[in-house]
Each structure stands twice: as structure tokens, then as C-alpha cells.
Amino acid sequence: MGTAVDTQNMENGRKVTVIFVLGGPGSGKGTQCANIVQNFGFTHLSAGDLLRAEIKSGSENGTMIQSMIKEGKIVPSEVTVKLLQLAMQESGNDKFLIDGFPRNEENRETFESVTGIEPEFVLFFDCPEEEMEKRLLTRNQGREDDNLETIKKRFKVYMESSLPVVAYYSLKDKVRKIDAAKQAEAVFEDVKAIFNSTTEEWEKVSSLRVGRFSRETTDAIGWHGRLCMVNVKGDTAKQGAIYSAEQDLWGDMKEGMLSGWRGPAAAMDEEMIYLVDESKGVVRKYNEETDGWVDVVESDRLRGAQQMAARGGRLCVVCKDGSEIVVVDVMASPPQMWVVEPPQGFNVAAVHVLPRMSRT
Ligand SMILES: Nc1ncnc2c1ncn2[C@@H]1O[C@H](COP(=O)(O)OP(=O)(O)OP(=O)(O)O)[C@@H](O)[C@H]1O
Ligand SMILES: Nc1ccn([C@H]2C[C@H](O)[C@@H](COP(=O)(O)O)O2)c(=O)n1
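Residues numbered from 1 in each chain as written. Chains lettered and ligands numbered in written order. Predicted model: local features only at pLDDT ≥ 70, side-chain atom pairs only at ≥ 80, totals over all residues. Heavy atoms only, no water.

- If you check an unreviewed UniProt entry, the protein chain appears there as UMP-CMP kinase from Chenopodium quinoa.
- Recorded under Function (unreviewed entry), the UniProt text for the protein chain is reproduced unchanged: "Catalyzes the phosphorylation of pyrimidine nucleoside monophosphates at the expense of ATP. Plays an important role in de novo pyrimidine nucleotide biosynthesis. Has preference for UMP and CMP as phosphate acceptors." (UniProt positions renumbered as here; feature names shortened; annotations may be inferred.)

Listed below in C-alpha cells is the structure:
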């Protein structure tokens, strides 16, 4: 049997992240891309800059590109896509901001079919035309297309051809819209919020010492900013370790906590660990001061408990091979218990309690 390989978003054997940056001419795409590069390590590829460089290089397409830009028209997609692809290959980076592209549906389809790359999201700078016009007329970078006649044509092409691309990605829930009429610094604050929330990555923490665990982990529970892990539940000898997120350090689990860990466990709001002693059917809670487990309630129904979740003062315990969930209200005095059965013909595979589960 072959191994499945994810070939999507691969460029030259590398997995790449692409963000399209769209918005009207003068909406501030280039200005904000420079900020993103500084702060988030992306490589900025401006389709317009690549086309202008192609004109300067004296390539055979140069004259055609120049006259199209002067007319505010969109250069044929295969030319632009080839330039973008080359720039990505030459870059050592794997994260790209592609600015001013795709400008129309043909750009989008050609890029997708040639590269096989889907954007992570589309950063869309929304700005009124009068503001964009004012900015372009005062840009002063000697661009041939920054004159009123060409600007009007570029606006028309933007409305007719580029906005449908934004609509396409909007349907795929990929558009992150920015109010680009604000001051550049305020716009970047909004841009940062988007990048901070969407580019979070898994970070490697210090590794569990080799040999600390001889068997697979069976429970891992978040408790007071720590992660408590054990590898066997019942009465057999087991191993336990505690990871402190603050110190990025692993330590041994206290003797009492480990020896009493005799069944599925869960932490209530990360504050209090409860477990069910699966052989006796007893719910217990952990007392850190005495390093011991305190009985809460006992029931035959809880014997053989397999897994549990805790929230809102209640424990949901999967029992009888998944054919019932025993709910224990540990805040009630004395604790209350009732059974929830899955629909006929179904068994419980996993249990989670949603935040909306309230006590009222
Ligand atoms: N938020 C802003 N407020 C005022 N001026 C801005 C703002 N952002 C950028 N500018 C200025 O507006 C002009 C156009 O900005 P920029 O070149 O970044 O736009 P663009 O969207 O990349 O344009 P184009 O698509 O034509 O390349 C520049 O002179 C820039 O300094
Ligand atoms: N995908 C693209 C991007 C740009 N062009 C041409 C036509 C634009 O008016 C011009 C300037 O682009 P900008 O620097 O404003 O992004 O470049 C194109 O044909 N296709």
C-alpha cells in the first residue's frame, strides 16, 4: 500500500504558504506588505513590480506589458504567473504575500492550475475611490500609470474584474477585510491582528525524558497550567509525569496522585481533578495538600468507567462500553447522578462538554 502524500501547496518540493493581497489601486497594499514582511517574515511579491521589472529587463514581452499597463489593462495570465512562479522558486522563503494578484478570474484559474497552490487567505484592503485617487495622484514614484486618465481605467478594471475574485474567495470564507481608509499605522494594527490570529503555529516544548514512560500515555490532563500525564489507569504499576507550561519543564508526578490514579480522570475548569476508580465505581477528587484522593460518591453504575469529561460542576462518565453516559453533579450536596443514553444503535466514542452546558 502506498503512502498518501499531500501535494497541495507544494512549490519545488517545498510546502508553501501563500496570502493574496487585494484591493483597489492606491488602497495601500504595497505599504502594508512592507510592514508585514518586517513583522511576520513573509516575502513580498508584487505582480505589478515583477511586470515593471520585466519591461526594464528588455524582455520580448516588455513592449506588450508596457502598453497594457499604460492602458490600465491586465497582462495575460501566463506571463504574470510565470514571473510569480519564478520569483517563488528563486526565494529561499516558504511564505509569500502575493500583492495585486489575482486581478481577474483568468489570473486566479491560471495560477491555481499551473501551481496547484490555494491561498491561506485573501487580505482585502477596502478603500473609497476618492481616497485611492488622491493617494495615487500624490504618490510621486514616477509611475507611468499614476495619471488621472489611466487611474480611471484601472478603477474600472478593478470594479469589473478584480472584485469578482474577492467575491469568489469570500464564498470560500477566505477573505479578511481591512478598512484601508484609516491612517497607515491604524491599518497596520488591524493587519497585525489578522496575522497574529491566523498564523499561530505549534511550538515544540522540551521533550519528555526518554525512559520516563515505558508505555503509551492513557491520560493527559490540564491542571493549574500544568499537564498531568499517566500511562496506566487501573491497579497495575504505572508511571506519571507533570509538565509545567510556565517553566517548560517535566517533573515526576507526586506519589499519592500517581498511585490513586485508578481510572479515567478530568479536570474541572483546570482547577480540580476528578477521577473514577474504575474497579470500585468511586468518584474521587485530588487534594494537593495531602497528596491524596478524597471520595466524592460511589455507584455500581460507574464500575468499568472508560473516559470522562468535566465542566460546569458536572462529570460525564462513559460507562458500559459506551452504551451510557453517567452524569454526576458534584456541586450538588449530596452529589446527584443520572444516566444519558446515546440514540439506539449508537455507542459513545468520546465525550466532551460544551461551554453552553449550564447548571440552570
Ligand atoms: N493608509 C494610508 N493613508 C494615506 N496614505 C497612504 C496609506 N497607505 C498608503 N498610502 C500612500 O498611498 C500611496 C499608494 O500606496 P501603495 O503604493 O501602498 O498602494 P497600492 O495599493 O500598493 O497601489 P497600487 O495597486 O497602485 O500599486 C503611497 O504614496 C502611500 O504612501
Ligand atoms: N495581476 C496583475 C497585476 C498587475 N498588472 C498590471 C496592470 C496594473 O494596472 C499594473 C500595476 O499594478 P500594481 O502595481 O498597481 O499592482 O500592472 C497585471 O496586468 N496583472
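1. Topic: the UniProt feature "binding site: a ribonucleoside 5'-phosphate" (unreviewed entry) in the protein chain
Line of reasoning, step 1. In the UniProt entry, the feature "binding site: a ribonucleoside 5'-phosphate" (unreviewed entry) is given for R52, K73, I74, V75, G100, F101, P102, R103, R143 and R154. Looking only at the residues we just named, the largest pocket is lined by R52, K73, I74, V75, G100, F101, R103, R143 and R154.
Line of reasoning, step 2. Within the secondary structure, K73 sits in the loop between α3 (62-70) and α4 (77-90).
Line of reasoning, step 3. Position of R143 relative to the elements: it lies in the loop between α6 (129-137) and α7 (148-171).
Line of reasoning, step 4. Residues contacting R143, with those up to four places away along its chain left out, are R52 and R154. (1 Å grid on protein atoms, 1.4 Å probe; cavity = no way out; pocket = protein on both sides within 12 Å on 5 of 7 lines; lining within 4 Å. Helix = DSSP H or I, 4+ residues; strand = E, 2+ residues; numbered from the N terminus. Contact = heavy atoms within 4.5 Å.)

2. Things to note about the layout of surface pockets
Line of reasoning, step 1. In this model, the largest pocket occupies a volume close to 960 Å³.
Line of reasoning, step 2. Contributing elements (two or more residues each) for the lining of the largest pocket: β3 (17-23), α1 (29-40), β4 (43-46), α2 (47-56), α6, α7 and α8 (184-198).
Line of reasoning, step 3. Of all the elements, α2 adds the most residues to the lining of the largest pocket, at five residues.
Line of reasoning, step 4. In this model, the second largest pocket occupies a volume close to 240 Å³.
Line of reasoning, step 5. Contributing to the lining of the second largest pocket are R52, A53, I55, K56, Q66, I69, K70, Q141, G142, R143, E144 and D145.
Line of reasoning, step 6. For the lining of the second largest pocket, the elements supplying multiple residues, two or more each, are α2 and α3.
Line of reasoning, step 7. In terms of residues, the lining of the second largest pocket owes the most to one element, α2, which gives four residues.
Line of reasoning, step 8. Split by residue class, the lining of the second largest pocket holds three nonpolar, three polar and six charged. (Points joined across faces, edges and corners; volume = space filled by probe spheres on them. Nonpolar A, V, L, I, M, F, W, Y, C, P; charged D, E, K, R; others polar.)

3. Thoughts on the packing of α2 against α3
Line of reasoning, step 1. Two numbers describe how α2 lies on α3: the axes approach to 8 Å, and their chain directions differ by 130 degrees. As judged from the angle between their axes, α2 and α3 are oblique. Classified by chirality, the crossing of α3 by α2 is left-handed. Between α2 and α3, the contacting residues are L51, R52, E54 and I55 on the first element and G62, I65, Q66 and I69 on the second.
Line of reasoning, step 2. For the contact of α2 with α3, the class distribution of residues is four nonpolar, two polar and two charged. (Axes fitted to C-alpha atoms, helices over the stretch in contact; angles between N-to-C directions. Parallel < 35°, antiparallel > 145°, perpendicular 65-115°, else oblique. Left-handed = near helix turned anticlockwise from the far one by under 90°.)

4. Quick word on the UniProt feature "binding site: CMP" (unreviewed entry) in the protein chain
Line of reasoning, step 1. In this structure's numbering, the residues bearing the UniProt feature "binding site: CMP" (unreviewed entry) are N107.
Line of reasoning, step 2. With residues up to four places along the chain from it excluded, the contact list for N107 reads I74, V75, S77, V81, F101 and P102.
Line of reasoning, step 3. At 2.9 Å, the side chain of N107 forms a polar contact with the side chain of S77. (Polar contact = N/O pair within 3.5 Å; in protein donor to acceptor, adjacent residues only side chain to side chain.)

5. Quick look at the environment of N9
Line of reasoning, step 1. Inspection of the secondary structure assignment puts N9 in the segment before β1 (10-11).
Line of reasoning, step 2. Given a relative accessible area of 8%, N9 falls into the buried group.
Line of reasoning, step 3. N9 sits 103 residues away from E112 along the chain, and the two C-alpha atoms are 9.6 Å apart. (Buried < 20%, exposed > 50% of the residue type's maximum accessible area, 1.4 Å probe, protein only.)

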